[in-house]
Amino acid sequence: MNAIVALCHFCELHGPRTLFCTEVLHSPLPQGAGNGDSPGQSEQAEDEEGGIQMSSRIRSHSPAEGASADSSSPGPKKSDMCEGCRSLAAGHPGYVSHDTETSIKYVSHQHPNHPQLFSIVRQACVRSLSCEVCPGREGPIFFGDEQHGFVFSHTFFIKDSLARGFQRWYSIITIMMDRIYLINSWPFLLGKIRGIIDELQGKALKVFEAEQYGCPQRAQRMNTAFTPFLHQRNGNAARSLTSLTNDDNLWACLHTSFAWLLKACGSRLTEKLLEGAPTEDTLVQMEKLADLKEESEGWDGSEGEEEKPSAQPDVVEGRELTKCPTDTSLVSDCSSWNVASRRLSVFRSLRHMRQVLGASAFRMLAWHVLMGNQVIWKARDADLIQSAFDILRTMLPVGCVRIIPYSDHYEEAYRCNFLGLSPHVHIPPHILSSEFAVIVEVRTATRCSLYPVLFDDEQPLSKYEFVVTSGSPVAADRVGPTILNKIEAALTNQNLSVDVVDQCLVCLKEEWMNKVKVLFKFTKVDSRPKEDTQKLLSILGAAEEDNVKLLKFWMTGLSKTYKSHLMSTVRSPTSLESRN
């Protein structure tokens, strides 16, 4: 926890003073800070408890020593300090605890070495013992601002037989820049700091009672003649807290308590990533994974039966699946197949593919992909085709992707919208001239038309040339769907890395899937008239022809869970009553 815990005292001569503070250091200590002594001495000085090692040999963090030797130290001068204002003796090195679990160090001294921290602690000390007090002057209070930090302060009295009113005023403050965290830690801090205060007051009360028993001060003061006020102040102001509690190890104990308080308060609250409802892609993947498990269980149950070879490949979750005679599970087989394909892929991203194909050819291909038309790749290299499909499928919702990676005969568009074919496969003439299909032929490049190598590690691309054809080529001046224009804008922006472009694509797909959900409920569930649908499309910013086609195609990618939820909601009695 990034905070400072400090013990403050209101001195009758010098006003509010900081007696002792513990701060957190996340960065390593300066070289030689923790090993200035010999190894034997260091081992004797360290005591480990609960993952925290405690040591008192830290020469680089000696504000008490620096206050007397270095005039640039932010602490007060020695002449401005009395016994009641001083905690550690001159030359005392201070205390440090090493958290072996997190490599965090808790350093204690009288004042922070950093001038800015000293100013913050000093201001919090003055406010906690002057204006920011609760009724009765003893108890917890919260104050602060963004510039000087926020403070949890608990003021209390310590019995002193020589003080005016037989008590002295102290406070324990916790300073932090995170207001919300500090407020949420209020109950914890209140209980633990109250325990420290009770222990200090208990020790001081025993000393006070012993002194009163031996030499009652009240009767002595009543019998003493009146003396000037200043003489009285000068006579009883200098008395240290160690003297009031009769505890020579007081500062070491306070260091241990403050260090534990900072560690425990920092570990008791953890941040959690709160996610919303699962996306449509997640729902579709879960549904398809459930289907795969059911199908694999069916295969396991029919192991003893003779299986007939399938005439056509199965298309499940965008991959070609064949019934394996081995005992290897379907899911693990497909995952290993994916790893292999990723390792051999030659297309690395959409931006890379756009550079290889060219801007106009890529726009035509992307347009057909987004519209749901059949995308056919013909090549000898099946890994090249698979890498292209892995890149292109990222533009679509998972539910809209149906892939046959490589086949030796043509498959109809209703079976797949991504089809990989070997070069010798004959494509029907009506497909070649169809406006609902695009064909990418990967040919071996001639020596005079070798494709320029874009990257040193992209040697496979120099062997190919790519020809993109379609029965309905996309005109250069055609506006196209809005999402395509935004994708191209992201790809052409060289200030965006590939990872950032991927995140932009995810956001764009979520934006348009939300529009698809609204349109589905409006048209399929509520059955609104066509005029109302046109108004809705205008509101959604999707009234153009290409946008409408895109929404209708993406509607096929909605999960069964979402559709059944909408239908069950509409058919529920409460929904029917509200309609009536």
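Everything in this summary refers to the structure shown in the same document. (Residues numbered from 1 in each chain as written. Predicted model: local features only at pLDDT ≥ 70, side-chain atom pairs only at ≥ 80, totals over all residues. Heavy atoms only, no water.)

Description of the packing of aromatic side chains
Alright, step 1. Taken as a whole and assessed by the stated rule, the structure comprises 15 aromatic pairs.
Alright, step 2. In this structure, Arg 137 packs its charged tip against the face of Trp 169, placed 3.9 Å from the ring centre.
Alright, step 3. Seen from the ring of Trp 512, Lys 515 lies directly overhead, with NZ or CZ sitting 4.0 Å from the centre. (Phe/Tyr/Trp six-rings, centres within 6.5 Å; stacked < 30°, edge-to-face > 60°. Lys NZ or Arg CZ within 6 Å of the ring centre and 35° of its normal.)

Overview of the pairing of strand β2 (residues 15–25)
Alright, step 1. Within β2, 11 of the 11 residues are buried, which leaves the element mostly enclosed by the surrounding structure.
Alright, step 2. With eight bridges joining them, strand β1 (residues 3–11) and β2 adopt antiparallel strand pairing. Each residue of the ladder has a partner; that of Ile 4, found in β2, is Glu 23.
Alright, step 3. With five bridges joining them, β2 and strand β6 (residues 104–109) adopt antiparallel strand pairing. Bridging across to β6, Glu 23 finds its partner in Val 107. (Buried < 20%, exposed > 50% of the residue type's maximum accessible area, 1.4 Å probe, protein only. Helix = DSSP H or I, 4+ residues; strand = E, 2+ residues; numbered from the N terminus. Pairing = 2+ DSSP bridges.)

Details of the sheet that holds strand β16 (residues 464–470)
Alright, step 1. One open sheet accounts for five strands, arranged β13-β14-β12-β15-β16; its pairing is mixed. Lying at the two open borders of the sheet, with one neighbouring strand each, are β13 (403–407) and β16. Across the sheet, the axes of successive neighbouring strands diverge by a mean angle of 15°, strand direction being ignored.
Alright, step 2. When strand β12 (residues 374–378) meets strand β14 (residues 418–421), the two strands line up parallel, connected through four bridges. Bridge pairing links Trp 377 to Gly 420 in β14. (Axes fitted to C-alpha atoms, helices over the stretch in contact; angles between N-to-C directions.)

Remarks on the pairing of strand β9 (residues 167–176)
Alright, step 1. Most of β9 is tucked away, with nine of its 10 residues classed as buried.
Alright, step 2. In this structure, β1 lies alongside β9, joined through seven bridges in antiparallel fashion. By the bridge assignment, Val 5 is partnered in β9 with Thr 174.
Alright, step 3. By the bridge criterion, 10 bridges tie strand β8 (residues 149–159) to β9 in an arrangement that is antiparallel. If you follow Phe 157 over to β9, its bridge partner there is Trp 169.

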